[in-house]
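# Survey of secondary and tertiary structure
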Amino acid sequence: MEQAKVNIPKLFVCTVIENKDEIEERYERAYTFLQSLVADCSEKEAHDALNNAVCKNHEDISLGMLLSILTEPHNATKCYRDLTLITRDGLTCVLNNLSNLILERYLRFHDTTRNQLLWLIKEMMRNAVTGVDNVCWNLMRYASGGDITPKNIYLVESLLDIYIENKVWLEKFPMLICMVVYTYLRLIEDHNVPHLMALRQKEVNFVIALIREHFTDVLSLGRDLVRLLQNVARIPEFHQLWQDILTNPRSLCPNFTSVLQILNTRTSRRYLQSRITPDMERKLVFLTSQVRFGHHKKYQEWFQRQYLATPESQSLRSDMIRFIVGVIHPTNELLCSDIIPRWAVIGWLLTTCTSNVAASNAKLALFYDWLFYDPEKDNIMNIEPAILVMHHSMRSHPAVTATLLDFLCRIIPNYYPPFSDKVRQGIFNSLQQIIEKRVLPNLQPLFDSPKLDRELRTTVRETFKEFCSNSNGEGASSVREEGLDDLPKMESDEPAFSDDEDEPHNNITEDTDDDDIPLSEVRARERPELAAALPLILRPFAETLLDERSTTATKAFINACGSPMPTASSLADLFAAILQDAPPVKITSNPTPSELEAVLDSPVFAMFTYLTEGTEAKKKLVLDIFKEIHVQSSFQNVGFCLLFYLKVCYERERKTERDGGRKKKVKFKVDVYKNYCNYLELKLADNLAYDFEKCQESDANLLVWLIPDIYREFKDQAQNHIKLLNVIVSTLDAVQLQRLVCLTLQGTLMMFKSDDITTMLSTSLGWETFEQYCLWQLLTAHDISVEDVLPIIPKLSYKGHAEAVTSVLLMLKQERPTADVLRQMFCRTVDDDDTFVVSTVMYWCQDFEDKVGDLLSVLLSTRYPGTSPNKRKRPGKQSIPPNAPPSAEQVLGHLEQIRVRCVEQEDMSIFNMECMQKALQHSQSNSSDSLRRQYSQLFSLAWEDELPISRRARKLISNSLPLNQNLHSSNEDSEEEEIVKPKQAKRRKKAISDSE
């Protein structure tokens, strides 16, 4: 009889052009499986079937029940009850999958599914399920600002009601309290319409209560808390809160002294991200990481239609700008590519503002991190977009630049008059950092542009006079005037247009909109000052170099540099601009000579030829350029490019030597790199690690290709260098790891030395799992001895350092048991879940049971040195050496674990050995009462033998004599050596007889 087809409820809304995806099919399979278990069963039978199946199919049953709860309201209560009864992980699986569903598919949920989701969250709160706060966090991201549609208002109000009803639960999660305050402060601003006044009042009451009752927690929100409070300051309850913040801060929190305390704290990126829905976030990240400049208009138009088309969405632009400024921080490679930059997206958002209030808030969002900027705490990536928006908009959208400069000048005295000096200092810190980090080489062209009206230029010059003087850097205006002196003058009787008529003609090309041209062309238009900053004789060479970006043009330019010699900063600006636009250096895993030569056809490698073959004057010139570039941090890939160049030269010379049959030994020009580091005042070892880190960002194949030569030529600096090693293992994939292991086995790669390997291993314990896996594979290939690893064995946590524990375990598997190894193993903290010692000892017992028994008996017996008459007296000051042996309690604890495992395996032979029996009896007689009680089952294994003590002692001594000389390492504690010396056997025997 065929089984009836299961009618599967729909979780998502699907259109005719959308197929089921993997997530939907997975839930449907789980639901079908669940129904196959409980269909046509009584409640007891269904419960038994679920309990039997959940051991093998826990996730499928959990997902099936989750789908039922979300889509079948009539069955939800019973299904949730069953789910809580059969779960084996405290609903962790359900919560993880629920969070993924929310982040990936919430917008496609049916209305029923959305209602059931809120019901499920409420039930989990009542049951205090661990982890439901993360689900709430993810769901709150969909309570979007700038949206007063019924669906969004329903979600906002439903979540608010849940929090009000479960306030006691909410107060257990300080971070969630901050998230709730931040979210609803932002939403209150949008709910200022008549039909939402009741909701707004409920939000105001709840948020005010949370802020006042948990002000210490809320302080961690940082300066964006103040920005949001400003937007709602006219509401009476918030007006009173502002009065307390400004005039009576200690009434809110004893440790709160001033609003400046909040303004100096940068808001966490998590909160800035939370005001953008996951769907918006994916679109903005795609726009700023995948879309090429010049091809972005269609994406922006689609985004505007989707999210920014309604009047209410005007306020959403501030959230997006704060997200782009504070969360999207592109890599150097992305910054040098033709992908649309952040400033272009922000400039577009500013031009779409049609409301004056929204425009002011958007400008404040852009400049907000400037106001109290501290170079020590804040990130330059948060202030970079604003200056670049002004700089790039000056040509095609001068009105945008003008309004931003005007805003920046006005905000200093008007943001909060008592803090005007601090705001001024914050903005000055920002501008100074912009110049120091070479975001812009000079602010003079921006602040003194003829495209600004006269009044604004005067205001800017008065406000930022420190940055408008010609002495600032190499002022562009002074450079231009200097260059014009060398040009032929126009005769006075020749016709000429007036300035007013002349300006439009000169700026026709500049005023062209940049939106539809490639970014490289936009950048090319911005660089006339690069050539203008050079002596007149070099300008044609510089223009050719900027156009061609070739090896030939680079050499021609450097050869032309003479008298007058250009300044290092002007040369650095020129070459940094060229090198930033150069494609990243990349090679295949096994590059051919022709491929390597093709990579070298780039300006930076042409500069390196002067370091290996040039005159001293040219070498110094090139080193000066690199030093200035390093100071400016404008191009950070010089170091690894130099290493790559030196290796290509080395391989080229080796090939020439082989082809020509010459016997002259070719050497790697290691001195060139050392001289480069010395000239730039860099530490050789640290700079190697830094250059490898930059190489990792450029190309993993290149890094792996360099490794053998670097460890051969710089072995003193590279071997065991922790940061360098971390960069390498964080880069490798399985194939590259295999390649390094093979090179090690061939004898061409040596990455480690025994000296100080313990420090390196201890540091590596915090690395990622695969990084540690790579490290231990490389260590194994290098035949690192177990003695080098012993010091870290007691420190390893079986939970926190599982990778290292496993690797050491496999290493010990290949070793024979020794006293040193056993002593370090037994120094580990005793834990019932930690089976490291038990596993190693039980494995050794398969082949070396007698040896293990002897070692264990000696280790246990020597834990009671006070019972021996031969105890060596020590000086008064007692201290525990770093390699101290384990305590008696540690040894007994590990032996107890071994006993339990032996009982399980029904093999007690190791405890039946006479040496172990003797050691147990000795330990029992010298242990405290508490230890006897704690390890009573272990001590019960000792035989109650009636043989005369003296006879048994003699037998034990005769069996132990040949062993004791090898049981202890050379650095064994002198106290232990005294106890087990053979010549003391008779006295020990007598002591035993007397005690009996």
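Residues numbered from 1 in each chain as written. Predicted model: local features only at pLDDT ≥ 70, side-chain atom pairs only at ≥ 80, totals over all residues. Heavy atoms only, no water.

This part is about the overall build of the protein chain. Scanning the protein chain for helices and strands turns up 58 helices and zero strands. The proportion of buried residues among the 996 residues of the protein chain is 51%. Restricting to contacts in the protein chain with at least 6 residues of sequence separation, those with at least 24 account for 74%. (Helix = DSSP H or I, 4+ residues; strand = E, 2+ residues; numbered from the N terminus. Buried < 20%, exposed > 50% of the residue type's maximum accessible area, 1.4 Å probe, protein only. Contact = heavy atoms within 4.5 Å.)

Turning our eyes to something else, we now look at the pattern of salt bridges. For the structure shown, the criterion picks out 46 salt bridges. Across the pair Glu281 and Arg141 runs a salt bridge, and its minimum N-O distance is 2.7 Å. Highlighted residues: Glu281 in helix α17 (residues 278-289) and Arg141 in the loop between α7 (132-140) and α8 (150-165), separated in sequence by 140 residues. Among the salt bridges present, the one from Arg282 reaches Asp279, with a minimum N-O distance of 3.9 Å. (Salt bridge = Lys/Arg side-chain N within 4 Å of Asp/Glu carboxyl O.)

A few words now on the packing of helix α10 (residues 174-188) against helix α13 (residues 223-231). When two helices pack together, their arrangement is given by the angle between the helix axes and by the axis-to-axis distance. In the contact formed by α10 and α13, the axes pass within 9 Å of each other and the chain directions differ by 30°. In terms of orientation, α10 and α13 fall into the roughly parallel class. The element α10 and its partner α13 pack so that their crossing is left-handed. Counted together, Val181, Tyr182, Leu185 and Arg186 of α10 and Asp224, Leu225, Arg227, Leu228 and Leu229 of α13 form the full contact between these two elements. (Axes fitted to C-alpha atoms, helices over the stretch in contact; angles between N-to-C directions. Parallel < 35°, antiparallel > 145°, perpendicular 65-115°, else oblique. Left-handed = near helix turned anticlockwise from the far one by under 90°.)

Let us now look at the side chain of His214. Examined against the element boundaries, His214 turns out to sit in the loop between α11 (197-213) and α12 (215-218). For His214, the contacting residues outside a window of four places in its chain are Glu171 and Ile177.

Attention now goes to the nonpolar core. Counting 168 residues, the largest nonpolar core has Phe238, Trp370 and Phe464 as the members making the most contacts within it. With eleven residues, the single largest contributor to this core is α10. Split by domain, the residues of this core number at least three in each of domain 1 (22-248) and domain 2 (269-467). Setting aside residues up to four positions removed in sequence, Phe464 forms contacts with Leu408, Cys409, Ile412, Ile427, Phe428, Leu431 and Phe447. Among the nonpolar cores identified, the runner-up in size contains 140 residues, and Ile707, Ile757, Leu859 and Phe939 belong to it. (Core = buried A, V, L, I, M, F, W, Y, C linked by side-chain atoms within 4.5 Å. Domains from an automatic or database assignment.)

On to the packing of helix α22 (residues 356-371) against helix α23 (residues 384-396), then. The contact between α22 and α23 brings their axes to 8 Å, and the two run at 125°. In terms of orientation, α22 and α23 fall into the oblique class. The two elements α22 and α23 cross, and the hand of that crossing is left-handed. Two secondary-structure elements touch here, α22 through Leu366, Phe367 and Trp370 and α23 through Pro385, Ala386, Ile387 and Met390. Looking at side-chain class alone, the contact of α22 with α23 contains seven nonpolar, no polar and no charged residues. (Nonpolar A, V, L, I, M, F, W, Y, C, P; charged D, E, K, R; others polar.)

The tally for this structure, following the rule as stated, stands at 33 aromatic pairs. Between the aromatic rings of Tyr80 and Trp119, the centroid separation amounts to 6.2 Å while the plane-to-plane angle is 80°, which identifies the pairing as edge-to-face. Of this pair, Tyr80 sits in helix α4 (residues 76-86) while Trp119 sits in helix α6 (residues 111-126); the two residues are 39 residues apart in sequence, bridging distant segments of the chain. With a centroid separation of 5.6 Å and 50° between ring planes, the pair formed by Phe608 and Tyr645 is classed as tilted. With a gap of 37 residues between them, Phe608 in helix α36 (residues 603-612) and Tyr645 in helix α38 (residues 638-660) connect regions that are remote in the sequence. Exposure class is identical for Phe608 and Tyr645. Each is buried. When the ring centre of Tyr106 is taken as reference, the NZ or CZ atom of Arg114 above it lies at 4.6 Å. Sitting over the ring of Phe836, Arg828 keeps its end group 4.8 Å from the ring centre. (Phe/Tyr/Trp six-rings, centres within 6.5 Å; stacked < 30°, edge-to-face > 60°. Lys NZ or Arg CZ within 6 Å of the ring centre and 35° of its normal.)

Turning our eyes to something else, we now look at the environment of Ile625. Here Ile625 is to be found in helix α37 (residues 616-632). Separated by 54 residues in sequence, Ile625 and Leu571 have C-alpha atoms that sit 6.3 Å apart.

Moving on: α37. Helix length check: α37, at 17 residues, gives a terminal C-alpha distance of 24 Å against a target of 24 Å (1.5 Å per residue), a fit within 8%. Buried within α37 are the following residues: Lys618, Leu621, Val622, Leu623, Ile625, Phe626, Ile629 and Gln632. Positive phi appears at Ser633, one or two residues downstream of α37, with a value of about 55°. (Expected span 1.5 Å × (residues − 1).)

Next up on the list: the side chain of Ser68. Among the secondary structure elements, Ser68 is positioned in helix α3 (residues 58-71). Engagement of the side chain of Ser68 in a polar contact is seen with the side chain of Glu72, the distance being 2.7 Å. Not counting residues within four places of it along the chain, the set of residues in contact with Ser68 comprises Tyr31, Asn75 and Cys79. (Polar contact = N/O pair within 3.5 Å; in protein donor to acceptor, adjacent residues only side chain to side chain.)

Turning our eyes to something else, we now look at helix α40 (residues 684-698). Helix length check: α40, at 15 residues, gives a terminal C-alpha distance of 21 Å against a target of 21 Å (1.5 Å per residue), a fit within 8%. All of the buried residues along α40 are Leu684, Asn687, Leu688, Ala689, Asp691, Phe692, Lys694, Cys695 and Ser698.

It is worth spelling out the confidence of the model for the protein chain at this point. Looking at the protein chain, the pLDDT average stands at 81 and 85% of residues meet or exceed 70. Low pLDDT, under 50, characterises residues 866-882; the predicted model gives this stretch 15 contacts beyond four residues in sequence or across chains. Low pLDDT (under 50) marks residues 946-996, which in the prediction has 63 contacts with non-local residues, meaning those over four places away or in another chain. (pLDDT = per-residue confidence, 0-100.)

A separate point is unusual backbone geometry. Even without being a glycine, Leu91 presents a positive backbone phi close to 70°. Note on placement: Leu91 falls in the loop between α4 and α5 (92-105).

Moving on, we come to the environment of Asp217. Note that Asp217 resides in helix α12. Given a relative accessible area of 26%, Asp217 falls into the partly exposed group. Ignoring sequence-local partners within four residues, the contact set of Asp217 consists of Pro174 and Cys178.

On the secondary structure map, Ala718 appears in helix α42 (residues 715-718). Through-space distance from the C-alpha of Ala718 to that of Leu684 is 9.5 Å; in sequence the pair is 34 residues apart. Discounting chain neighbours no more than four positions away, the residues touching Ala718 are Ile710, Tyr711 and Leu724.

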